[in-house]
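# Overview (structure and organization)
So you can see what is in the structure, the chains are spelled out below.
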Amino acid sequence: MGTPPSSNKIYQCAIVGGGLGGLCLAIQLAQEGVEVILFEKNSYPQHKVCGEYISMESWDFLIGLGVPLDDLHLPKITQLGISAENGFMLNSPLPLGGFGISRHSLDHLLCQMARTKGVVVLENCKVLDVQNIEENRSEITTAQGTYQAQIVCGSFGKYTPNFAKPPVETPTKRPNYIGVKYHIQTDLAPNRIELHNFKDGYCGISKVDNERYCLCYLSKASNLQQSGNDIKAMEHTILCENPFLKKYLTQSTFLFEKPLAISNIYFYPKGTSINGMLMVGDAAGAITPVCGNGMSMAMRASKLLAELLLLYFQGKCTQEALKSQYSRAWASAFNRRIQAGQYIQHLLGKKTSTHLALKTLHYFPALTQKLIGLTHGRAF
Ligand SMILES: Cc1cc2nc3c(=O)[nH]c(=O)nc-3n(C[C@H](O)[C@H](O)[C@H](O)COP(=O)(O)OP(=O)(O)OC[C@H]3O[C@@H](n4cnc5c(N)ncnc54)[C@H](O)[C@@H]3O)c2cc1C
């Protein structure tokens, strides 16, 4: 079990944010004997806005970390359905496929695993500032005191805190999205994920653990503004234009008291090293969920970074070499996926182009398989 936190100690690695990227990184380092402290601003278990479909590429990796996926009887997802707003549905097998597990369960399991391996996990502990004091020593100011570490990794997700913002940000016009999620009970084959398009957005539905389905959508923020900032009104007037979504939204049992919603979501690469910190997961760049498999990307990035950090802690590479090698490894692993994500995102969410794209893919199943292949990586 983790030892009590100490503000006098210099930990080898401090990790800011205990989502998938941060927890997986912490476990890999701790199991090789690295002293790790991880700060999470919330507590476990906690629901998160996420579609909760994980590409199969991460299955072996999670098992390797000690997550008992085989015992959890999770739904394996092998079939995909994508609908256009006018009711046309493209059906396709998913070559690699995925599985469903709620973030409520997965993040909690990973946190327990991290503690078992000796990581000091501080919950309800928001990081307020990180200052690089000297080579190999940074000071981390948190809601529960100040800590020190040789290396600090940022895995704080899609919202970049002020202390991790680049000194000068280039202002660019990017679409602003909102995300909404529910757990529901509904009528959908457990091995199927469906993606339903609506104006300026799309909604995914697939099974997770505990006999539940996750219904999660991403929409341009303008849809909500046009609906008087009322989620139910937006669902009624905009999402329900798609007949499949109308069925799910009106004929399912909703298990949350109210929707879980987040706003101000932007998708763009941010960089693997900012202000002396090494970034993992969405902190390095969030990818559009339509195809991005952001969770698998966060886990894969944690593996790339853990391998390089171990070389650094063994004295086999300098900090500069660590940063540049990680940056190259990240680009080579993810740049193609990010481009594919942007391309597919352009096709979807618009009435005419979505319908045309789905109709075309319907007649060219090999092309459909190719596009799906671009969004899933190989097992790691
Ligand atoms: C609508 C939507 C649907 C999605 N659906 C899918 C899907 O079906 N499949 C998929 O693979 N991906 C999906 N994604 C993407 C996926 O959720 C992310 O890519 C993934 O969660 C990234 O993991 P992470 O560890 O980088 O960040 P997170 O999981 O977001 O973790 C970041 C953690 O840092 C903590 N934190 C933040 N700031 C601080 C601070 N200052 N101090 C301490 N802690 C802090 C947060 O509380 C959080 O726990 C979806 C994303 C969205 C928006």
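Cut-offs and rules
Residues numbered from 1 in each chain as written. Predicted model: local features only at pLDDT ≥ 70, side-chain atom pairs only at ≥ 80, totals over all residues. Near = placed C-beta within 6 Å. Helix = DSSP H or I, 4+ residues; strand = E, 2+ residues; numbered from the N terminus. Nonpolar A, V, L, I, M, F, W, Y, C, P; charged D, E, K, R; others polar. Buried ≥ 20, exposed ≤ 12 C-beta atoms within 10 Å, placed from the backbone. Pairing = 2+ DSSP bridges. Right-handed = clockwise from strand over helix to strand, strands pointing away. Arc of directions from axis to C-beta. Axes fitted to C-alpha atoms, helices over the stretch in contact; angles between N-to-C directions. Parallel < 35°, antiparallel > 145°, perpendicular 65-115°, else oblique. Contact = placed C-beta atoms within 7 Å.

### Thoughts on the site of the ligand
- Near the ligand you find 38 residues, and of these Gly17, Gly19, Gly51, Gly281 and Gly294 are the closest.
- Of all the secondary structure elements, the ones that give two or more residues to the shell around the ligand are α1 (20-30), β3 (53-55), β13 (213-220) and α7 (294-313).
- Sorting elements by how many residues they give to the shell around the ligand places α7 first, with four residues.
- Residues that form the shell around the ligand fall into these classes: 18 nonpolar, 15 polar and five charged.

### Description of unusual backbone geometry
- A cis amide bond links Tyr44 with the next residue in sequence, Pro45, at an omega value of -10°.
- Mapped onto the fold, Pro45 is located in the loop between β2 (36-39) and β3.
- You will see that Asn229, though not glycine, has its phi angle at about 55°, which is positive.
- Tracing the sequence through the fold places Asn229 in the loop between α4 (221-226) and α5 (231-237).
- Since 11 C-beta atoms lie within 10 Å of it, Asn229 is described here as exposed.
- One non-glycine residue, Asn275, lies in positive phi territory at about 50°.

### Considerations on the pairing of β2
- With burial as the criterion, each face of β2 is covered, one bearing Val36 and Leu38 and the other bearing Ile37 and Phe39.
- In this sheet, β2 lies alongside strand β1 (residues 10-16) in parallel orientation, the contact comprising four bridges. Following the sheet pairing, Ala14 is matched in β2 by Ile37.
- A crossover links β1 with its parallel partner β2, the connecting element being α1, and its sense is right-handed.

### As for helix α10 (residues 365-375)
- Along α10, the residues that are buried comprise Thr368, Ile372 and Thr375. Around the axis of α10, the buried residues are gathered within 55° of arc, so they sit on the same side. Exposed residues pointing more than 90 degrees away from the buried face of α10 are listed as Ala366 and Leu367.

### Overview of the packing of helix α8 (residues 319-347) against α10
- α10 packs onto α8 with a crossing angle of 130° between their chain directions and a minimal axis gap of 8 Å. Comparing the axis directions of α8 and α10 gives the class oblique. Note on element contacts: α10 touches α8 through Leu371, Leu374 and Thr375, opposite Arg336, Arg337, Ala340, Gly341 and Ile344.
- Residues of the contact of α8 with α10, tallied by class, amount to four nonpolar, two polar and two charged.

All we've got here are geometric facts, nothing functional implied.
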